[in-house]
Amino acid sequence: MSPVSRNLLLFFLLFSFLTVKAGGPDLRKRVQLLVREPSTPKQDSLLQLAIDEAQKTGRDDYRMRLYHLWSFMKVQQSDYARGIAYAKTAVDIGFSSPQLKNDVSFRDALVQLVLAYGYMGKADSSWYWIDYAIPLCRDRDPFNHSLLLSLSGVRESERGRMRESGNCFDQAIALAKKTPNPHDDVMALFNKAELLLSQGDWGGALSVATSFQDRLDDPALGSVPEDPVVRMPFMFRNAKHSLYRTLAMAYFNLSDIDDACYYQSKIVDAYKARENYRYLPYVWCDLAEMETFRSPVDKVKHIYDSCRQLIKDYAGSNEIPFHSFYYTGGWLAEKEGRYGEAVELYTRASEQPASQISISVPAILRVYATTGNYVAADSLIRHVNSSAKAKDAFFRILFFKEQAALLEKRGQHAPARDRWLDYYRLRDSLHNAARYYMVLEVERKFYTKEKEKELNTAIAGQEGQKRLLQQRRRTIILLLAGAALLTGLCFLLYRFYRARKIQAQLLAKKNQQVETLVRELHHRVKNNLQVVSSLMALQVSRLDDDNARKALEEGRSRVDAMALIHQKLYMDEELAAVDMQVYLQTLTTMLAGSYGYANENVSINVALNQPLLDVDQAMPLGLMINELLSNAFKHSFPVTADPHVQLSLTEENDRLILRIADNGPGVADVAVLEKSNSFGFKLIRLLTMQLNGTMQIAVANGLIFTIEMERPA
């Protein structure tokens, strides 16, 4: 259970306790002090005083709830032994009275005892109390019964009885639907998704998560249950955040970093909006951990430093015992060359309890390879190969990559090549799985948007009728109030002002909705193009004909260039234009890497009066640059000792000038090249004509392509 959900749980227990109508004022005052007390020893002291007060007043039901609460607090503080002891005390109090034994708080205490034993790792004791509690909850306590069935599903899964486990979860979901609270439905489905995540079934977890995404619009999910008789005091963490967290982790473990960061950012934004700065570092550190796979050091460091400041301000500490906090710190230490500190932080990260597999172990292997500590690296590889973690797909992707790099550094090229092949096969397999579930999600969102459009049309019609009625009413008032013309005129001006203000607010809201839809459109186009790219990559691996493989690879490169445009459009503030400096840097890095060259082999110069280009011009430009750079990488670089290509995009007299020059051997006859009938040159000529431009080819210490075109006003 995350610290955030534990805190919500603690708050709800205290609130539920305070809502009980009976009880002395001294007891209420102590519990209110407990809510505001951050010190653990003082919390314990206040709880003991509250229990003593309840015993003096003969309120055994209070004592049972308070010991239940104390057990929660100790489990939250990882003091599982005392957590079990206090839960057993609460249960014993319930056993002492037939009336208490029939109360919902007794069943709540039984479930808490089951969970405390589970946290302690005492499975046999946990299962014993599950079997005892289920008959007590059957037919009269659907929520506790649902939760116990979910725990039974976990038990059957650990025993390898997957069919029985699935039946338990299905029964739990059906029972949750019978309760009046929508939190219960989401919790039952969420438990199933979490189990699938823990088993490494990322696709299955993603499918379950998307199945209950539509329920987040229920207004009741934003409220906190206040009656412990209607709902047991297990406060389910915010349903929206839990859904986004499940989606983020599923995409992350499917190696889809962009979508993982997208959903994790939604959680961070929600915490910022609510000013929940005490627990913001936990979700922010998770985002920083994901960003280490795609973002520069400066961005990750900004997030990490912000988290540390919040931890210091609100927790009074320099760190939190959290996997992503240590992992991000280790990653930054590694980037700054502090390898000893990096290994220490990565190790601490791997020691933290987490539902997902640890990504710190491959990072440790990477540091060993960087520092040449091959003895430690070999020992780590043997340990991983003998552990269960080696079975997890995402873990193997990361580990295969670092192991291949280690073998290359040690000069063992044949084993390194085999390990690289393992890495690419597994990575492409996960990408294809992610794309499949993303297509399902896009289809579901499309139909949801269509329904929303119909609803908005109906609402707009009703608003129009309301405005028409208001205008008629004003006309009648004017006819009847001729004697009070000035007063009536002032009234009309006031109503007109209000109507214009409402219309302005509606227009602003619609503009925001349009912007969101446009971003979603670019997002979908990018995802669909990536699906096409993945399918082409999969087809390439099945082809034996070199020409066919080459053609598909070139086609895939063009698709990736177009997908990159749409990615920039939905991620940047500007929706209809592309920052060419950033786009060309990303495109050249991607192309150079795909042909086995480094960024140093390509130099870029963008000197435009306005760096943003309209998408209608940026897309053809990107395709032409893709073709010309690919031509240089394929034909000039392999025969050049120190290959280099220069790319410049400048502006003179309202005309754009694209110049690409390599230092290869060039060609004997430029005229032959200008009349080439290859697909690439045909595409370049067509795109040049589309942009009303001209192309010149020259040979001077290599090939020089110069394309001039008009820049739209």
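For the structure, check the block above.
Residues numbered from 1 in each chain as written. Predicted model: local features only at pLDDT ≥ 70, side-chain atom pairs only at ≥ 80, totals over all residues. Heavy atoms only, no water.

Structural notes on the overall build of the chain
- A count of helices and strands for the chain gives 28 helices and seven strands.
- Evaluated residue by residue, the chain yields a buried proportion of 48% over its 713 residues.
- A separation of at least 24 residues holds for 65% of the contacts in the chain among residues at least 6 apart in sequence.
- In the form shown here, the chain has an accessible surface area of approximately 35,800 Å², with 53% of it arising from carbon and sulfur atoms. (Helix = DSSP H or I, 4+ residues; strand = E, 2+ residues; numbered from the N terminus. Buried < 20%, exposed > 50% of the residue type's maximum accessible area, 1.4 Å probe, protein only. Contact = heavy atoms within 4.5 Å. Areas by Shrake-Rupley, 256 points an atom, 1.4 Å probe, with all protein chains shown as cover.)

Examining the pattern of salt bridges
- Counted according to the given criterion, the structure contains 18 salt bridges.
- A salt bridge links R107 to D141, with the nearest nitrogen and oxygen atoms 2.7 Å apart. One end of the pair, R107, is in helix α7 (residues 104-120); the other, D141, is in the loop between α8 (123-137) and α9 (142-158), with 34 residues separating them in the sequence.
- Owing to a relative accessible area of 7%, R107 belongs among the buried residues under this scheme.
- Residue D141 is classed as buried on the basis of its relative accessible area, which comes to 8%.
- Each member of the salt-bridge network shares a partner with another, and the members are D258, E291, R294 and K299. (Salt bridge = Lys/Arg side-chain N within 4 Å of Asp/Glu carboxyl O.)

A word on the packing of helix α19 (residues 360-371) against helix α20 (residues 374-385)
- Between α19 and α20, the shortest axis-to-axis distance is 8 Å and the interhelical angle comes to 155 degrees. The orientation of α19 with respect to α20, classified from their angle, is roughly antiparallel. In the packing of α19 onto α20, the handedness of the crossing is left-handed. Judged by residue contacts, V361, I364, L365, Y368 and A369 of α19 engage Y374, A376, A377, L380, I381 and V384 from α20.
- Classifying every residue of the contact of α19 with α20 gives 11 nonpolar, no polar and no charged. (Axes fitted to C-alpha atoms, helices over the stretch in contact; angles between N-to-C directions. Parallel < 35°, antiparallel > 145°, perpendicular 65-115°, else oblique. Left-handed = near helix turned anticlockwise from the far one by under 90°. Nonpolar A, V, L, I, M, F, W, Y, C, P; charged D, E, K, R; others polar.)

Quick notes on the packing of aromatic side chains
- By the definition in use, this model includes 21 aromatic pairs.
- Aromatic pair Y327 and Y346: ring centres 5.4 Å apart, planes at 45 degrees, arrangement tilted. Here Y346 lies in helix α18 (residues 339-351) and Y327 lies in helix α17 (residues 323-335), a separation of 19 residues in the sequence.
- For Y346, a relative accessible area of 0% corresponds to the buried category.
- Through pairs of rings, three or more aromatic residues link up here, namely F95, F106, Y128, W129 and Y132. (Phe/Tyr/Trp six-rings, centres within 6.5 Å; stacked < 30°, edge-to-face > 60°.)

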